[in-house]
Amino acid sequence: MTPNPEIRTRFAPSPTGYLHIGGARTTLYNWLFARRHGGTFVLRIEDTDEVRSTADSVTAILDSISWLGLDWDEGPLDFEREKGPHASYYQMKRLASYQEHTKRLLDEGTAYPCYCAKEETDAVRKEAQAKGQPMPEDPCRRLSEAKRKEHEAAGRKAAVRFIMPDEGETIVDDLIRGKVHFENRLAPDLVIQKTTGGPTYNFACVCDDHAMAISHVIRGDEHLSNTPAQLRLYEALGWKPPKFAHLSMILGPDGTKLSKRHGATSVLEYRDQGFLPEALRNYLALLGWSNTESKQLFSPEELVKAFDLPGCQKNPATFDPVKLAWMNGEYMRALAPAEIVKRAEPFLKKAGLFPPPPGPSLERLAALEREKFKLLPDVPGRVDFFYRETELTDKARKTLSAPEAKPVLAGLAGLLASFEPFTEKPLEEAIRGFCAARALKPGQVFHPLRAAVSGRADGPTLFLMLELMGRETVVARLRGAMSKLGQS
RNA sequence: GGCGCGUUCGUCUAGCGGCCUAGGACGCUGCCCUCUCAAGGCAGAGAUCAGGGGUUCAAAUCCCCUACGCGCCA
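Position numbers for residues count from 1 along each chain, tracking the sequence in the order it is written. Chains and ligands are labelled by the order in which they are written, letters from A for the one and numbers from 1 for the other. Where local features are concerned, this predicted model is filtered to residues with pLDDT of at least 70; where side-chain atom pairs are given and counted, the filter is 80 or more; whole-chain, interface and lining totals use all residues. Only hydrogens and water are set aside; all other atoms, that is, all heavy atoms of the structure, feed into the side-chain values.

1. Examining the packing of aromatic side chains
Thinking step 1. Classification of ring pairs uses Phe, Tyr and Trp, with its six-membered ring standing for Trp, and accepts pairs whose centres are within 6.5 Å; under 30 degrees between planes counts as stacked, over 60 as edge-to-face, and the remaining range as tilted. Here the structure, examined in full by the defined rule, presents nine aromatic pairs.
Thinking step 2. Between the aromatic rings of phenylalanine 385 and phenylalanine 386, the centroid separation amounts to 4.6 Å while the plane-to-plane angle is 25 degrees, which identifies the pairing as stacked.
Thinking step 3. Classification of phenylalanine 385 by relative accessible area gives buried; the value is 1%.
Thinking step 4. Among the aromatic residues, those joined into a ring-pair cluster are Tyr29, Trp289, Phe298 and Phe307. Burial status follows relative accessibility: with a 1.4 Å probe on protein chains alone, a residue under 20% of its type maximum counts as buried, one over 50% as exposed, and anything between as partly exposed.

2. Points about the packing of helix H17 (residues 424-437) against helix H18 (residues 442-454)
Thinking step 1. Inter-axis angles, ranging from 0 to 180 degrees, are taken between N-to-C directions of lines fitted to C-alpha atoms, where helices are fitted over the stretch in contact. Every helix listed is a DSSP run of H or I at least four residues long, and every strand listed is a run of E at least two residues long, numbered separately from the N terminus. Where H17 meets H18, the axes come as close as 9 Å, and the angle between the chain directions of the two elements is 125 degrees. When the axes of H17 and H18 are compared, the pair comes out oblique. Our pair here, H17 against H18, has a crossing hand that is right-handed. Note on element contacts: H18 touches H17 through Pro442, Val445, Phe446 and Leu449, opposite Ile431, Arg432, Phe434 and Cys435. For classification purposes, angles smaller than 35 degrees are called roughly parallel, those larger than 145 roughly antiparallel, those between 65 and 115 roughly perpendicular, and all remaining angles oblique. For any helix crossing, the convention is left-handed if the near helix is rotated counterclockwise from the far helix by under a right angle, and right-handed if that rotation is clockwise. Residue contacts are counted whenever heavy atoms from the two residues lie within 4.5 Å of one another.

3. Details of empty space enclosed by the protein
Thinking step 1. For cavity detection a 1 Å grid was placed over the protein atoms alone, and a set of points counts as a cavity when a 1.4 Å probe fits there but cannot get out; an open set counts as a pocket when protein lies on both sides within 12 Å along at least five of seven lines, with lining residues being those that have an atom within 4 Å of a point. Grid points are joined across faces, edges and corners, and a volume is the space filled by probe spheres set on the points. One pass over the full model with this rule turns up one cavity of 30 Å³ or more.
Thinking step 2. Within this model, the largest cavity holds a volume of roughly 40 Å³.
Thinking step 3. Forming the walls of the largest cavity are Glu278, Arg281, Asn282, Phe298, Ser299, Pro300, Leu303 and Tyr331.
Thinking step 4. Listed by contribution, the elements that provide at least two residues to the lining of the largest cavity are helix H9 (277-286) and helix H10 (300-306).
Thinking step 5. At three residues, the largest contribution of residues to the lining of the largest cavity is made by H9.
Thinking step 6. Put simply, Ala, Val, Leu, Ile, Met, Phe, Trp, Tyr, Cys and Pro go in the nonpolar bin, Asp, Glu, Lys and Arg in the charged bin, and everything else, Gly too, in the polar bin. Classifying every residue of the lining of the largest cavity by side-chain character gives four nonpolar, two polar and two charged.

4. Things to note about helix H16 (residues 405-416)
Thinking step 1. Expected span of a helix, by definition, is 1.5 Å for each gap between consecutive residues, and there is one gap fewer than residues. When the terminal C-alpha atoms of H16 are compared, their 16 Å separation across twelve residues agrees well with the 16 Å that a helix rising 1.5 Å per residue should span.
Thinking step 2. Every buried residue of H16 is accounted for by Ala405, Val408, Leu409, Gly411, Leu412, Ala413 and Leu416.

5. Points about the protein's contact with RNA strand B
Thinking step 1. Taken together, 45 residues surround RNA strand B, and among them Arg177, Glu371, Lys372, Gly459 and Thr461 come closest.
Thinking step 2. In the interface set of RNA strand B, defined as its atoms within 4 Å of the protein, sugar plus phosphate atoms amount to 80%.
Thinking step 3. Polar contact criterion, stated in full: a pair of N or O atoms within 3.5 Å, where within protein one must be able to donate a hydrogen and the other to accept it, and residues adjacent in sequence count only if both atoms are side-chain atoms. The side chain of arginine 432 places a nitrogen or oxygen atom 3.2 Å from a phosphate oxygen of RNA strand B.
Thinking step 4. Here the element with the most residues in the surface near RNA strand B is helix H11 (residues 321-334); it accounts for five residues.
Thinking step 5. A breakdown of the residues in the surface near RNA strand B according to their chemical character gives 16 nonpolar, 15 polar and 14 charged. Any residue with a non-hydrogen atom lying within 4 Å of a molecule or strand is treated as near it.

6. Brief notes about the state of the cysteines
Thinking step 1. In this description, the term disulfide denotes a pair of cysteine sulfurs within 2.5 Å. Counted by the stated rule, this structure contains zero disulfides.
Thinking step 2. Cysteine 140 takes part in no disulfide bond, and the closest cysteine sulfur to it belongs to cysteine 116, at a distance of 3.4 Å.
Thinking step 3. The exposure class assigned to cysteine 140 is buried, which follows from its relative accessible area of 4%.

7. Overview of helix H2 (residues 55-67)
Thinking step 1. Its 13 residues give H2 an end-to-end C-alpha distance of 18 Å, which sits within 8% of 18 Å, the value for a rise of 1.5 Å per residue.
Thinking step 2. Where H2 is concerned, the buried positions are Ser57, Val58, Ala60, Ile61, Leu62, Ser64, Ile65 and Trp67.
Thinking step 3. Packing partners of the buried residues in H2 comprise strand E1 (8-11), helix H1 (21-36), strand E2 (40-43), strand E3 (75-76), helix H8 (267-273) and H9.

8. Considering the pattern of salt bridges
Thinking step 1. Every case where a carboxyl oxygen of Asp or Glu lies within 4 Å of a side-chain nitrogen of Lys or Arg is listed as a salt bridge. Per the stated rule, a full pass over the model turns up 35 salt bridges.
Thinking step 2. The closest approach of N and O atoms between lysine 147 and glutamate 150, which form a salt bridge, is 3.6 Å. Of this pair, lysine 147 and glutamate 150 are both found in helix H5 (residues 145-153), three residues apart, which corresponds to roughly one turn of the helix.
Thinking step 3. Among the ionic pairs, lysine 349 bridges to glutamate 345, the shortest N-O distance being 3.4 Å. Note that lysine 349 and glutamate 345 are positioned in helix H12 (residues 337-350) at a spacing of four residues, about one turn of the helix.
Thinking step 4. The exposure class of glutamate 345 is partly exposed, given its relative accessible area of 24%.
Thinking step 5. Overlapping salt bridges bring together Arg10, Arg44, Glu46, Arg94, Asp208 and Asp209 as one network.

All quantities given are derived from atomic positions and should not be read as evidence of function.
In structure tokens form, the structure reads like this:
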């Protein structure tokens, strides 16, 4: 891919919480678009909400993005350091630039100080609304110098409002939704600076997107209605606006916006539940974007190659954890056994299986059970009985409590006590021979054997399982199961 | 309240006026494979394309209205 300096995208989170699924998808789409076109992906931290912004959130967001396998070319490296020619990428460190631009708009007369308290403007608007009248002009727009001095003298703090045109319309030419028309007379004058002196979201965003030479703003749907005002700001400041693409939102199973009450919404929670980053990334890519082939599984390279904005969905998408789990299973199965063990290490540790106790190698077990893994915790969950006796599952208990089980186990214990060599094929031959000799159907022997040895009714292929477990363990467990049966 | 966006199987979606008796994926059901469970293979159920009006020889596809959902501003 030849580098293309014209293409610059960004993700601009507020560090007021964790990176959630929706933000992750927005990040992914921005990243894909940049990579697809040889462009640059910028990460900017919108921390102007001083009360709610935290350093921990910044760290969590950076970790989440990295975990997903995405990288950014410019932005913070950690809470202290940054990279890129447009630093700082923290809005709190760019305050002077917003004030400078505000001053310019003020000087040029396209913005004015507004002394109205929020309640006052609200009341005026409500009244007009009730009477069905159009939005009245903001009273401070034509404030006399005397009146202004009066407010100042009274110690009233001013916000700064940007003048929106009274007529005509503003058209947002969105890359996903097409041309969207907005009537100017309906838009109130936009507050660009709060009474605290800080910039509003919409203003800081415009200043930074321009300063950072962003070419494509790919962001959530909720910002579409803000876009006309932003476009006017670009115009007033004499800047070329970027192209916009507004993504639909992600919904929970009940059709409302995905939130904490729907379960896990933070990317890190998915990591902790044992999802693979490549699976989550693939799933997220498909949630709101599709290609005409209806292809489901994409390697990162394929995704970068195939992704485009016109393929993005206009309507909101419901997050489906079941499909995510399926996809995760697909990725698990594609992993080499050694890699499965490596990825599952934290979960194995938690289960006390890492470093592995004496017994078969984790890698062999991973190979044995591979097609059953859906999530990483399934690795310890399906492999633990090789190392230690686990509690009987209900089904296994039922199999073992059948009256015909005990003599079978006794016979098998005798057969296997000094069986040589204790490997798959000879074991199978011998055990099948055992069935034939006693005129038993294979199932009548295999099922109790499996239950006694593994404690469960499902599991890996029987004879290889015996081989890996080893003679000592197998015989000990057969005898243990018998004695337990004897007691009951 | 105003404005904006959206509405195709339970879910993600294909579809850009005739190829649609609406295709794929997840999930579901059944069968096959088989020592169990998975995986895999095959088959099936599942959408009168939100509803109603137009336009057209022909509409899921274009236009209008209504309903519902969501967002923004207030």
